[in-house]
Amino acid sequence: MKIEATTKGDEIIFIATDNEVESGRMYCSWAASGALIINHTEVHKEFKGTGVGKDLVSYAVSYARKRNIKIVPLCRFAKAIISRNPEMQNIL
């Protein structure tokens, strides 16, 4: 699986692909404080249950850590993944 970040205006979209087929997306924006807001995570139906969503959340956490910024997970899915993984919680 490959994940890349692309920007569209003030939005950052993380796009996951598997063998060059898009498997999911995560939509993010910037808070006034500079934190990365995770707004929505979607996994295409044929990839549900394969870990794509968790991989997108992990990628966003890594992206934020590399830039020394915090994450605000408004997306319920992202919030659940982060809350279940203590090693991710210091990014909040």
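Residues numbered from 1 in each chain as written. Predicted model: local features only at pLDDT ≥ 70, side-chain atom pairs only at ≥ 80, totals over all residues. Heavy atoms only, no water.

## Some words on the nonpolar core
Membership of the largest hydrophobic core comes to 25 residues, with the highest contact counts inside it found for Phe-14, Met-26, Leu-36, Ile-38, Val-57 and Ile-71. Sorting elements by how many residues they give to this core places helix H1 (residues 52-66) first, with seven residues. When residues no more than four places from it in sequence are discounted, the contact partners of Ile-71 are Leu-36, Ile-38, Ala-60, Val-61, Ala-64, Ile-82, Ile-91 and Leu-92. (Core = buried A, V, L, I, M, F, W, Y, C linked by side-chain atoms within 4.5 Å. Buried < 20%, exposed > 50% of the residue type's maximum accessible area, 1.4 Å probe, protein only. Helix = DSSP H or I, 4+ residues; strand = E, 2+ residues; numbered from the N terminus. Contact = heavy atoms within 4.5 Å.)

## Quick notes on the environment of Arg-76
Tracing the backbone through its elements, the reader meets Arg-76 in helix H2 (residues 76-84). Sequence separation between Arg-76 and Leu-92 is 16 residues; the distance between their C-alpha atoms is 14 Å.

## Comments concerning the packing of H1 against H2
At a minimum axis separation of 10 Å, H1 and H2 run at an interaxial angle of 75 degrees. By the angle between their axes, H1 is roughly perpendicular relative to H2. Contact residues: H1 offers Gly-53, Lys-54, Val-57 and Val-61, while H2 offers Phe-77, Ala-78, Ile-81 and Ile-82. Tallied by class, residues from the contact of H1 with H2 come to six nonpolar, one polar and one charged. (Axes fitted to C-alpha atoms, helices over the stretch in contact; angles between N-to-C directions. Parallel < 35°, antiparallel > 145°, perpendicular 65-115°, else oblique. Nonpolar A, V, L, I, M, F, W, Y, C, P; charged D, E, K, R; others polar.)

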